[in-house]
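Overview (structure and organization)
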Amino acid sequence: MHDFCFTIPYGLILIGGGIVGFAKKGSTASLAGGVGTGLLLVLAGYLSLKAFEKKKNSYFAIVIETVCAAVLTVVMAQRYMETSKIMPAGIVAGISALMTGFYLYKIATGGNHIPAKAE
């Protein structure tokens, strides 16, 4: 599975969560964190997709994705430990931990698998 297949939806979920957090609670931290990180992830996913279309890997995009997911894992896990609230801290920490593992796997295996040319 290619990183952009998960990164773009992950980023969109974060954007949506940031907007919902702002709409429900007036939290500018949710808006800035969710939308900012989500947009960065969508951009990284887009860069990875465009590189894949050119039959290349975008290690820059995978590193950005990994750092964003790892930071979200730590920050939201700390927030969960402080509040014991599953939503949103526990859910975001769990999803981000899974995504961090996926991105580390992609880095360890050499990025996205580029199919060989059919002749």
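Residues numbered from 1 in each chain as written. Predicted model: local features only at pLDDT ≥ 70, side-chain atom pairs only at ≥ 80, totals over all residues. Heavy atoms only, no water.

1. Brief notes about the overall build of the chain
- Each helix and strand in the chain was counted, giving four helices and zero strands.
- Across the chain, helices and strands are ordered from the amino to the carboxyl terminus as α-α-α-α.
- Each of the three principal axes of the chain carries a C-alpha extent, and together these read 55 × 25 × 20 Å.
- Out of the 119 residues belonging to the chain, those deemed buried represent 35%.
- Once local pairs closer than 6 in sequence are excluded, the contacts in the chain between residues at least 24 apart make up 67%.
- As displayed, the chain offers around 7200 Å² of accessible surface, 71% of which is attributable to carbon and sulfur atoms.
- A distance of 7 Å separates the average location of the 10 positive side-chain charges in the chain from that of its 5 negative side-chain charges. (Helix = DSSP H or I, 4+ residues; strand = E, 2+ residues; numbered from the N terminus. Buried < 20%, exposed > 50% of the residue type's maximum accessible area, 1.4 Å probe, protein only. Contact = heavy atoms within 4.5 Å. Areas by Shrake-Rupley, 256 points an atom, 1.4 Å probe, with all protein chains shown as cover. Lys, Arg positive; Asp, Glu negative; His and termini not counted. Charge placed at Lys NZ, Arg CZ, Asp CG, Glu CD.)

2. Focus: helix 4 (residues 86–108)
- Taking 1.5 Å per residue as the helical rise, helix 4 with its 23 residues ought to reach 33 Å, and the 31 Å between its terminal C-alpha atoms agrees with that figure.
- Taken together, the buried positions of helix 4 are occupied by A89, V92, A93, S96, M99, T100, F102, Y103 and K106.
- Buried positions along helix 4 lie against helix 1 (3–25), helix 2 (28–53) and helix 3 (59–83).
- A positive phi of about 90° marks G110, the residue just after helix 4. (Expected span 1.5 Å × (residues − 1).)

3. Examining the environment of V75
- Relative to the assigned elements, V75 resides in helix 3.
- Along the backbone, V75 and V92 are 17 residues apart, and their C-alpha atoms lie at a distance of 9.6 Å.

4. Remarks on the side chain of T66
- Tracing the chain through its elements places T66 in helix 3.
- Beyond its immediate chain neighbours, meaning those up to four positions away, T66 contacts T100, Y103, L104 and I107.

5. Thoughts on the environment of A97
- Looking at the secondary structure, you find A97 in helix 4.
- On the basis of relative accessibility, which here comes to 38%, the residue A97 falls in the partly exposed class.
- Note: C-alpha distance between A97 and Q78 (19 residues apart in sequence) is 13 Å.

6. Some details on a nonpolar patch on the surface
- On the surface, a cluster of nonpolar side chains totalling about 470 Å² of accessible area is made up of V63, V67, V71, V75, L104 and I107.
- Among the secondary structure elements, those contributing two or more residues to the nonpolar patch are helix 3 and helix 4.
- The dominant element in the nonpolar patch, judged by the number of residues it contributes, is helix 3, at four residues.
- Looking at where V63 falls in the secondary structure, it is placed in helix 3. (Patch = residues over 30% accessible without salt bridge, like charges linked within 9 Å, V, L, I, M, F, W, Y side chains within 5 Å. Salt bridge = Lys/Arg side-chain N within 4 Å of Asp/Glu carboxyl O.)

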